[in-house]
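Structural description and commentary
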Amino acid sequence: MARLVVLRGETVDRRIDLLRMPIRIGRGQKNDVVLDDPLKGISRDHAEIRQVGDDYVLVDLESENGIWVSGRRVPEVVLGPDVVASIGPFRLMIADDAAQPVANRAVPAAPPAPQPVRSQQQPHGRAAAKTAQPPANSQQKWVLGGIAAIVIAAAIAVPFVIFRGSESQEAAAVVVPPPDVTGPIADAERQIGANLCKEAIATIDLALQRYPNNVDLMNVRQRAETCTAAAQPSPPLPDVAAELQAARDLIGARDCAAAMTRINTVLTADPQNMDAQQLQKQAAAGCSQTAAPATALTRKDPLAVEIPPQNGGLTPQANELDRDYQVRVKAMRDRYDEAVATAAKGPSPRLIATYEALLRDTSPQYLDVAARLADARRAGVATAKLRVKEAEDLEAKESWNDAIGKLNEARKIDPSLPVDEAVARIEQKKIVRGEEECRQGRQSTNYGRHGEAAQHYRRVLELLPPSNPCYETAQRYVGSAPK
Amino acid sequence: MKTWLSTVCMVLAFDLVGALAQAPPASDPWIRKSSKPGDFRAGRLPWNSFSVELPEDWQLVPGFSTMLVTAAEKGRNNQPAAAIIIEHTQNTEPLNASDVDERLAALEADWVRQRDPAGENFEHQVKEFEGRRFLLVQYGRAGFNGRDHVVVYVMPAGKVMYRLICIAPEKQLAEKYQAIFAHVAATFKPAAAGSGG
């Protein structure tokens, strides 16, 4: 049975059995698969999976950010184990039950008891719980009851495991969160509900030590922080100067982790503090990568989760918050999208420079920029040659200014193209013809043929440079010539 | 003896070829100095912007406006006589030798045709004499006694355009007047380009 696997970063977000078609995906709550993205990378109605024969086709529902495959935006794509489509921060792929999907590598070992989310699972849970209640009074009853409970529980658990897949046949989507974090998340949720926000943060931070990149943990931590800010009075402001001085001393002593703790204390109270930001960079530069998780616990937000460059991701900076990372990724993607839009207007040095800058600021694997740069260069060379040919035709028709324009255009597109000689030749022709026009203008003027004279002088203005003595005469004449 | 004669003949033949090669090109009958320069005198004119030699026995008549002076042949018994009018006009844009070309000649011919609508058979040419380029426009028209032939020499000199308008009875043009007109035109020299008249 085919199954849709949704990944966020390297973590499986959920797996969905593809039983009912179509399946709508989007941010809106009415969708079959609701994907939430704080950065609004997901549209309300983003995409739809349709079955076409044996294929599952992911179709873009004219979303703002589209569907991306191998760095290219596509209107639709046939999903498969080897075809990963990206929408917003999520990646979608199809995995067959028989074959272990690649995505499962990121999933910890099978959970002892999956968390059911559909009503289909509820009777088993309740029955198990009910059956497991020990009988009252005698010890014998306790023992018998215990054995009976184990037998009944096993009887229920075996079919549950066997029919786990078939449960979803009646449901379009079954959401299975990563099991190892469900406990801490549930605890944290309860603590948040009880307004014990600091305790919730501590619970999550403990789990984050083990799973530093888990998105769900990070999301709950964010909620806990919001709850802290809303429910609790602001903590006393730290002595900023003293904290920063201590941080400087610690950086001097190469104790970057401790310095970072001090700095974060200041930044928590004053995120815009420039000195703290500067010191944060110094501390980050001085600390090894392994020190980063230790400082994560003191941070306000989760650390960045790297997105591969092939999917538009960037290399996270040391101790970079995920929030900041996502902003950088989005900004870079905007630059990329802008370059792609510019490419539609044809090759230009600006386009090539834009691609080069993108590569410089990202990596050679960033989306398809390297291929696009090569394409732009190739197209540029071809277009430049075409412009030279057009210039030759225009020169033959004595449209010299247009010919020079084409040559300059060619040079702009491909600066290595030798066009100087042709430009100089045409400029010389312009001067010869311009002086001839000037002579004819003078002649016509003296015989009172002002219409003709004006025409010749207009040509003079087109052909001769302003430094030529006739240019001024022509300018004066054209300016005062009777219409 | 035969050898000696043939050598002499060969030398003479070479000399003849050499002499022919060095001979000046045939002069233009419309502009050349007369073989009888004594028949002309430098005109005593009140302008120093040009110089010219006019036929000695012709009478000078004052002009007006653009017409500076007229040199008229003294006719006998009311016989047809010739005249040369020296005219100058101001150029809006300065014209020099480099501006004298076929197009200017055509423009001039058009202009002359407008001034003398009775004229017929207009012709125009660009001429060069002693490094000076000028235009020649000629045409025929009815005269006092039979047809006249009009030859206009047009000589631009910067801001001034000089015209020598030469009129003669058509029948006597070739035998008498062409050489006179050619000498007057050959001796006409503006003092300096751009100077006014």
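What to know about the overall build of chain A
In terms of regular secondary structure, chain A is built from 17 helices and eleven strands. Contacts in chain A between residues at least 24 apart in sequence constitute 48% of all its contacts with a sequence separation of at least 6.

Regarding the pairing of strand 6 (residues 55–60) of chain A
All names here are of chain A. Side-chain alternation along strand 6 places Tyr56, Leu58 and Asp60 on a buried face and Asp55, Val57 and Val59 on a face that remains uncovered. In textbook terms, the turn of a hairpin is the stretch between consecutive antiparallel strands, and for strand 5 (residues 47–52) and strand 6 this stretch comprises two residues, one of which, Gly53, has a positive phi near 65 degrees. In terms of strand pairing, strand 6 meets strand 9 (residues 76–79) through four bridges, oriented antiparallel. Following the sheet pairing, Leu58 is matched in strand 9 by Val77.

A word on the confidence of the model for chain B
All names here are of chain B. Here chain B averages 86 in pLDDT, while 83% of its residues score no lower than 70. Here residues 16–21 is modelled with pLDDT under 50, and outside its nearest four sequence neighbours on either side it reaches zero contacts, counting other chains as well. In this model residues 193–197 is a low-confidence stretch, pLDDT under 50, and it forms 17 contacts with partners more than four residues away in sequence or in other chains. Interface predicted TM-score (ipTM) for the complex: 0.80; the corresponding pTM is 0.46.

Concerning the confidence of the model for chain A
Note that predicted coordinates carrying low pLDDT should not be read in detail. Residue and element names in this part refer to chain A. Taken as a whole, chain A shows an average pLDDT of 76; of its residues, 75% reach a score of 70 or greater. Contacts from residues 98–138, a stretch scored under 50 in pLDDT, to residues over four places away or in other chains number 52 contacts. The model gives residues 287–299 a pLDDT under 50, and that stretch makes 25 contacts with residues more than four places away or in other chains.

What about the interface of chain A and chain B?
Counting from both sides, the interface comprises eight residues of chain A and, opposite them, nine residues of chain B. No other element matches the six residues that helix 15 (residues 420–446) of chain A contributes to the side of chain A that touches chain B. Here the side of chain A that touches chain B is composed, by residue class, of one nonpolar, five polar and two charged.

What to know about the nonpolar core
Within the largest apolar cluster, 43 residues are counted, with the highest numbers of intra-cluster contacts made by Tyr153(B), Leu164(B), Val184(B) and Ala185(B). Secondary-structure elements contributing two or more residues to this core are strand 6 (83–95), helix 2 (102–115), strand 8 (132–142), strand 9 (147–169) and helix 3 (173–187) of chain B. It is strand 9 of chain B that provides the largest number of residues to this core, a total of 14 residues. Not counting the four nearest positions on each side in its chain, Leu164(B) is found in contact with Ile84(B), Ile86(B), Tyr153(B), Val184(B), Ala185(B) and Phe188(B). Core analysis: the second largest hydrophobic core is formed by 27 residues, Val5(A), Val12(A), Trp68(A) and Val84(A) among them.

Here's the deal with helix 15 of chain A
Between its first and last C-alpha atoms helix 15 of chain A spans 39 Å; for 27 residues at 1.5 Å apiece the expected length is 39 Å, and the two agree. The first or second residue beyond helix 15 of chain A is Gly448(A), which carries a positive phi of 70 degrees.

Let's talk about the sheet that holds strand 6 of chain A
Residue and element names in this part refer to chain A. Spatial ordering of the open sheet is given by 4-3-5-6-9, a layout of five strands whose pairing is mixed. On the outer flanks of this sheet lie strand 4 (33–34) and strand 9, each paired with one strand and no other. Relative to strand 4, strand 3 (residues 23–26) runs parallel, the two being bridged by two bridges. Directly across from Gly26, in strand 4, lies its bridge partner Val34.

Structural notes on the packing of helix 16 (residues 450–463) of chain A against helix 17 (residues 469–480) of chain A
Residues and elements named next belong to chain A. Remark: helix 16 packs on helix 17, axes separated minimally by 9 Å, with the N-to-C direction vectors making an angle of 130 degrees. The pairing of helix 16 with helix 17 is recorded here as oblique in orientation. Crossing hand, helix 16 versus helix 17: left-handed. In this structure, helix 16 uses Ala453, Ala454, Tyr457, Arg458, Val460 and Leu461 to contact helix 17, whose residues at the interface are Cys470, Tyr471, Ala474, Gln475, Tyr477 and Val478. Split by residue class, the contact of helix 16 with helix 17 holds ten nonpolar, one polar and one charged.

Rules used in this analysis
Residues numbered from 1 in each chain as written. Chains lettered and ligands numbered in written order. Predicted model: local features only at pLDDT ≥ 70, side-chain atom pairs only at ≥ 80, totals over all residues. Helix = DSSP H or I, 4+ residues; strand = E, 2+ residues; numbered from the N terminus. Contact = placed C-beta atoms within 7 Å. Buried ≥ 20, exposed ≤ 12 C-beta atoms within 10 Å, placed from the backbone. Pairing = 2+ DSSP bridges. pLDDT = per-residue confidence, 0-100. Nonpolar A, V, L, I, M, F, W, Y, C, P; charged D, E, K, R; others polar. Core = buried A, V, L, I, M, F, W, Y, C linked by C-beta atoms within 7 Å. Expected span 1.5 Å × (residues − 1). Axes fitted to C-alpha atoms, helices over the stretch in contact; angles between N-to-C directions. Parallel < 35°, antiparallel > 145°, perpendicular 65-115°, else oblique. Left-handed = near helix turned anticlockwise from the far one by under 90°.

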